[in-house]
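Notes for the structure review
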Amino acid sequence: MSGTFVGMPVFPSAARTALADTQLRHNLAHATSTIRGKRSRLVEEVDESIGGDDSGWERLRLAGAAVKESALRDLDRHLVALEEALTARGATVHWARDAAEANAIVVSVAKAHQADEVVKVKSMVTQEIGLNEALEAEGVLAWETDLAELIVQLGDDLPSHILVPAIHRNRAEIREIFLRRMKDVGRPAPADLTDEPAVLAGAAREHLREKFLRAKVAVSGANFAVADTGTLVVVESEGNGRMCLTLPEVLVSVVGIEKVVPTWEMLDPLLRLLPRSSTGERMNPYTSTWTGVTPGDGPQEVHVVLLDNGRTRALADEVGRQALRCIRCSACLNVCPVYERTGGHAYGSVYPGPIGAILNPLLRGTGDPQTDSLPYASSLCGACFEACPVRIDIPEVLVHLRAKVVDGHRGDRVPKAEAVAMRAAEFALSDARRLGWAERASGVAGRVAGRFGRRALPGGRRSLSRVPGGSAWTSARDLPAPATESFRTWWKRTDGGREETR
Amino acid sequence: MSAREEILGRVRSALEGVERLTDVPVAPRVTTAADRVVELFVERVEDYRAVVTRCAPADLAATVRAALPAGGTVVVPPGLGVEVPGAIEDTGLTAAELDRIDAVVTEARVGIAETGTIVLDHGPGQGRRALSLVPDQHVCIVRVDQVVTDVPDAVALLDPLRPLTWISGPSATSDIELDRVEGVHGPRHLHVVVVG
């Protein structure tokens, strides 16, 4: 039904393809600049309405980060409390070590009710575990009901953004997908469908309504799981979430163990941070909270699947642990200069952008070439850290993971180019005489290479976009041409700059 | 070993030697003047392109009537504190039956000024969750004494053991080019009546 990320190329090759797609770059630049503007206006508003000398937004971030951090550092206790509270309120709690176990639990619930379809609330975790494909393999159709997820599903496409998985599609493309595909899976799109966003949204409303009204089983994730009360929280915009959480008889929620928030009161900073960071709104249109089963209101059979799938691996990583604070707002994607140009598909995962560049290696472990390429998909500019509502120091984790990737190759028979370069540098830099030779050689190379430089970097310096020999470094970056004279030679020649004209 | 035991074991070993964090800073509060709270609530709800009408308690019934579509069918929850002539009272209508009704009138539990949010805890006068979801128009009555300043005030008032629906404007989406448009699956028309 949807595509798959399995077998994606490493980031630099995927990025090169994406960069050549001008429509994609246009769609992304338009969307991310819109959302950046909305978010920054709200951050200023929070600063003003809180007042005081320190930034109110920054103090809110500190509070949000501390809530998630305190939950993670006491996770075992909170998980046990969550389970107890949920069970006391009539929910059935399941534990799943990995994707296969979680999928099998959801499949068995659907089968127990002879369901041949389920309606789904947009959820990152069910994408992560490939739930739709697992259900389909067992003859159960999973209908995505979030507008962007519907666009991705109908277009046999892959999600490219955490919040807006169809961010790479513009209105004309969406209209074409609706006209072509809706008729195959339910109520067709009206023949006179235009590309007005309101008209497209109206078509999705008509198309999905019959599915909401007849579905017996719904599947959701959760934005937060409150340990002391057993309350699950889903934050959404369209009302598709409310439909799924309210109308069916059976509800299964797949919840990553890092979604825990210790107490009900601690939801406060997170509910203020998430919508402003995510869609750039003071509050999202709908937030639903429910605690187990409410007699006479909503699903009377409630299941919660607590999922590990690599989260304990990430938790064991001292530096990387902070990534589990992530509340999936996608602010880091919207401010990232790399994401803005390559889009989400190049990251080869449902978690793209800066957070994906650290979350994927943390959840899966390093060692696979595609995963290992992700920590390098960044210029380390730090915009992601500045935007993160729970203060995840993404650049710090990126550098830490690069070290892990390099460490993972120490024993290789053919060392990585980077390791060879570093060893050469160590050899040259540890001896003044050797350094002198190396610098003279580089000056010659610079004079030669300067002639081939085709482009200028900011400041007018010549750059090389491809160095002869096909270095892995320059296939993804433009390299400044080496200076024609080394600093030490220049110092000697000009007597430390005193005779610069010489 | 069960999945539960194994996951809890992995968590414990990952956290070995990690200090618990006991000192969580209190989230900062906004400094909105008390006499501006209701006015701000109205402004912020209107920002979402919802319709807001203010009225005195004596005019509530007339104001609600005027907010409803002429000739449309209306459903109300048991315990609603205002008479809506011609309305059907919810006695467990099916989703399909609700889908044929044009509008619903409910009360609310709390209004949040800073974010322009209404929270329903689905107690008497508010009805079960499906009631304020399926019909295309939601007329929601909020008393001025129910309006609080910001999210932390609401969190402190609300009972998490009840199902809660936080509503900020009509159903909307930003999924097409990140441009907000109103009207997807939830009620496309939200009319908030602020009483008092």
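As a starting point, this report considers the structure included with it.

This part covers the overall build of chain B. Scanning chain B for helices and strands turns up 5 helices and 12 strands. In terms of overall dimensions, chain B is more spread out than a globule: its C-alpha atoms have a radius of gyration of 21 Å, far above the 16 Å expected for 196 residues. If you line up chain B on its principal axes, its C-alpha atoms span 65 × 45 × 40 Å. Long-range contacts, defined here as pairs at least 24 residues apart, represent 71% of the contacts in chain B between residues at least 6 apart. When the accessible surface of chain B is split by element, carbon and sulfur atoms take 50% of a total near 7,900 Å².

Before going further, it helps to examine the sheet that holds strand E7 (residues 137-143) of chain B. Residues and elements named next belong to chain B. Strand order in the open sheet made by the 6 strands is E1-E12-E7-E4-E2-E3, with parallel pairing throughout. Both outer strands of the open sheet, strand E1 (51-55) and strand E3 (88-89), are each paired with one neighbouring strand and no more. Note: E1 against strand E12 (residues 189-195), 5 bridges, orientation parallel. Bridge pairing in E12 places cysteine 55 opposite valine 195.

Let us now look at the pairing of strand E7 (residues 250-256) of chain A. All names here are of chain A. In terms of residue burial, E7 counts as a mostly covered element, since 7 of its 7 residues are buried. Side-chain alternation along E7 places Val250, Val252, Val254 and Gly256 on one buried face and Leu251, Ser253 and Val255 on a second face that is also buried. In this structure, strand E4 (residues 217-220) lies alongside E7, joined through 4 bridges in parallel fashion. When the bridges of E7 are listed, serine 220 appears paired with serine 253.

What follows deals with the interface of chain B and chain A. At the junction of the two partners, chain B supplies 74 residues and chain A supplies 93 residues. Between chain B and chain A lies a buried interface of about 7,300 Å² when both sides are counted; carbon and sulfur atoms form 60% of it. On the chain B side of the interface with chain A, the three residues burying the most area are Glu177, Leu178 and His185 of chain B, jointly 12% of the side's total. If you look at where chain B meets chain A, you find 12 salt bridges. Salt-bridge contacts for arginine 44 of chain B lead to glutamate 45 of chain A; the nearest nitrogen and oxygen are separated by 3.6 Å. At the junction of chain B with chain A, the criterion picks out 38 residue pairs in polar contact (both at pLDDT 80 or more). Ranked by residues supplied to the side of chain B that touches chain A, first place goes to helix H1 (residues 3-14) of chain B with 9 residues. Grouping the constituent residues of the side of chain B that touches chain A by class yields 38 nonpolar, 15 polar and 21 charged. As judged from the 4 bridges shared by strand E9 (residues 286-291) of chain A and strand E9 (residues 164-167) of chain B, these two strands associate in the antiparallel manner. Bridge pairing links tyrosine 286 of chain A to isoleucine 167 of chain B in E9 of chain B.

Reading the values: the criteria
- Residues numbered from 1 in each chain as written.
- Chains lettered and ligands numbered in written order.
- Predicted model: local features only at pLDDT ≥ 70, side-chain atom pairs only at ≥ 80, totals over all residues.
- Heavy atoms only, no water.
- Helix = DSSP H or I, 4+ residues; strand = E, 2+ residues; numbered from the N terminus.
- Rg over C-alpha atoms; globule rule 2.2 N^0.38 Å.
- Contact = heavy atoms within 4.5 Å.
- Areas by Shrake-Rupley, 256 points an atom, 1.4 Å probe, with all protein chains shown as cover.
- Pairing = 2+ DSSP bridges.
- Buried < 20%, exposed > 50% of the residue type's maximum accessible area, 1.4 Å probe, protein only.
- Buried area = accessible area lost by both parts, 1.4 Å probe.
- Salt bridge = Lys/Arg side-chain N within 4 Å of Asp/Glu carboxyl O.
- Polar contact = N/O pair within 3.5 Å; in protein donor to acceptor, adjacent residues only side chain to side chain.
- Nonpolar A, V, L, I, M, F, W, Y, C, P; charged D, E, K, R; others polar.

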